[in-house]
Amino acid sequence: MTITLSGISKTFGDVTAVQPLDLTVPEGTFFALLGASGCGKTTTLRMIAGLEEPTSGSILLGDEDITRLPPHKRPVNTVFQNYALFPHLDVAENIAFGLRRRGVKSVRKQVAEMLDLVQLGDMARRRPRQLSGGQQQRVALARALINRPQVLLLDEPLGALDLKLRRQMQLELKRIQTEVGITFVHVTHDQEEAMTMADGVAVMHGGRVVQLGPPAELYENPRSTFVANFLGTSNLIEAELLSGAPASGGAAPEAGAGNGAPDEAGDGAEVRVKVVETGDPLRLPAARCSAESVPPGGRVLVGVRPEKISLARTDEAGTVPPEVPDGRNRLTGRIRDASYLGVSWQYLVETPTCELTVYEQNVERDSRLAPGAHVVLHWRPAHTFALDADQDAHAGEEAL
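Residues numbered from 1 in each chain as written. Predicted model: local features only at pLDDT ≥ 70, side-chain atom pairs only at ≥ 80, totals over all residues. Heavy atoms only, no water.

**Description of the environment of Gly35**
- The topology assignment puts Gly35 in the loop between strand S3 (30-34) and helix H1 (41-49).
- Sequence separation between Gly35 and His189 is 154 residues; the distance between their C-alpha atoms is 4.9 Å.
- In contact with Gly35, not counting residues within four places along its chain, are Lys41, Thr188, His189, Met204 and Phe230. (Helix = DSSP H or I, 4+ residues; strand = E, 2+ residues; numbered from the N terminus. Contact = heavy atoms within 4.5 Å.)

**Remarks on the pairing of strand S12 (residues 270-275)**
- Direction of pairing for strand S11 (residues 235-243) relative to S12: antiparallel, over a ladder of four bridges. Paired with Leu241 across the strands is Val273, a residue of S12.
- Across five bridges, the pairing between S12 and strand S13 (residues 281-285) is antiparallel. Residue pairing in the sheet places Glu270 in a bridge with Pro285 of S13.
- Linking S12 back to S13 in an antiparallel pair, the connection comprises five residues, with Gly279 at a positive phi of about 80°. (Pairing = 2+ DSSP bridges.)

**With respect to helix H4 (residues 133-145)**
- The end-to-end C-alpha distance of H4 is 18 Å, a good match for the 18 Å that 13 residues give at a rise of 1.5 Å each.
- Counting buried positions along H4 gives eleven out of 13 residues, so the element sits mostly inside the fold.
- Looking at H4, one finds that the buried residues are Gly134, Gln135, Gln137, Arg138, Val139, Ala140, Leu141, Ala142, Arg143, Ala144 and Leu145.
- Among the structural elements, strand S6 (76-80), helix H2 (91-101), helix H3 (108-117), strand S7 (151-155), helix H5 (163-180) and strand S8 (183-188) are those in contact with the buried residues of H4. (Expected span 1.5 Å × (residues − 1). Buried < 20%, exposed > 50% of the residue type's maximum accessible area, 1.4 Å probe, protein only.)

**Regarding the sheet that holds S11**
- The strand order across the open sheet formed by five strands is S13-S12-S11-S14-S20, and the pairing between neighbours is antiparallel. Every interior strand has two partners, whereas the edge strands, S13 and strand S20 (384-388), have only one. Neighbouring strand axes in the sheet, compared pairwise and without regard to direction, differ in orientation by 45° on average. (Axes fitted to C-alpha atoms, helices over the stretch in contact; angles between N-to-C directions.)

Spelled out as structure tokens, the structure:
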């Protein structure tokens with residue numbers, strides 16, 4: 001069932017928890033409200049559930065206005081971080097609780113279906129204290145789903161689990177949503193959680209939705225410094241806009257430059273900038289420039305994700321080695337720190353303009369890439385984005 005929020009807001013005395021916002025959650029999708037504590041995501045979820053009354057606006061479920069309906073009359077169920085299982089009931093009876101409360105006499109078949117769905121068929125007679133955290137969460141899910149809600153609301157349901165179990169349950173939650181096919185709305189502060197499970201994500205900050213879209217779109221094309229820094233890590237470099245006109249030429253595309261990204265020379269219009277401190281030229285697709293109102297000569301923040309950057313050793317003069325492909329954006333620098341992360345290496349590289357973070361996959365590492373080494377950082381123009389420099393370059397970092 002599609003959820004439509006129109007002008008919905010919530011104030012508590014002098015505090016505005018949710019600014020008036022419009023949001024549509026398509027039917028049958030796994031949708032995430034993502035943000036740091038205090039951004040308004042849980043309050044928005046509670047208004048959908050009927051646990052908070054909106055100060056203004058309306059909530060539609062399909063074509064039905066449910067804004068003033070009490071919680072028990074809404075075809076919506078909620079799973080909280082605290083699973084609130086009944087300790088004196090076994091798994092089967094916990095799952096059956098909602099049906100028995102409604103006066104349903106024969107519940108065995110429905111309970112069996114839910115046990116199969118959450119893969120707990122052999123634990124029906126165990127008590128909650130005999131279950132792991134992940135198993136308890138599955139029981140809470142089954143108890144909510146057995147009532148056949150049209151929407152399932154999830155308020156930080158994985159927050160109490162350790163990292164490894166949380167990642168396992170992310171996949172389980174997505175599997176369950178796909179099988180039952182109803183709309184899930186999931187509140188989380190965990191970016192990885194939202195990116196792993198959700199079809200669509202609304203990033204919230206200060207009671208507002210600051211960007212909305214599929215996870216890959218938000219990550220690859222942030223429209224603000226807050227989103228760029230909050231979703232993963234971004235290197236932001238001060239630059240001067242030279243031109244937003246279509247490129248007149250450019251290097252030939254790199255061999256094998258695919259994976260859905262534009263060609264090296266760009267597909268159509270291209271933006272050219274120069275780094276403020278050094279004058280180094282950089283290029284990016286015009287479609288990835290969110291500083292449309294900045295005139296030539298104006299300041300922008302050029303961004304690139306750490307995993308998009310490659311490193312190559314240079315001499316002290318910064319001579320670029322021949323293995324670096326033509327047509328790439330380049331900056332020279334010196335490695336300040338190298339950290340082993342298991343799946344990758346993290347490098348902190350000092351350049352004349354700023355310090356950049358680089359992630360390189362832990363495959364055939366060049367042992368010469370050590371602290372003190374002179375390097376050239378290079379990446380495809382297609383992996384570059386630009387934002388208006390009037391924003392705080394560190395916005396979103398404090399929310400992590």
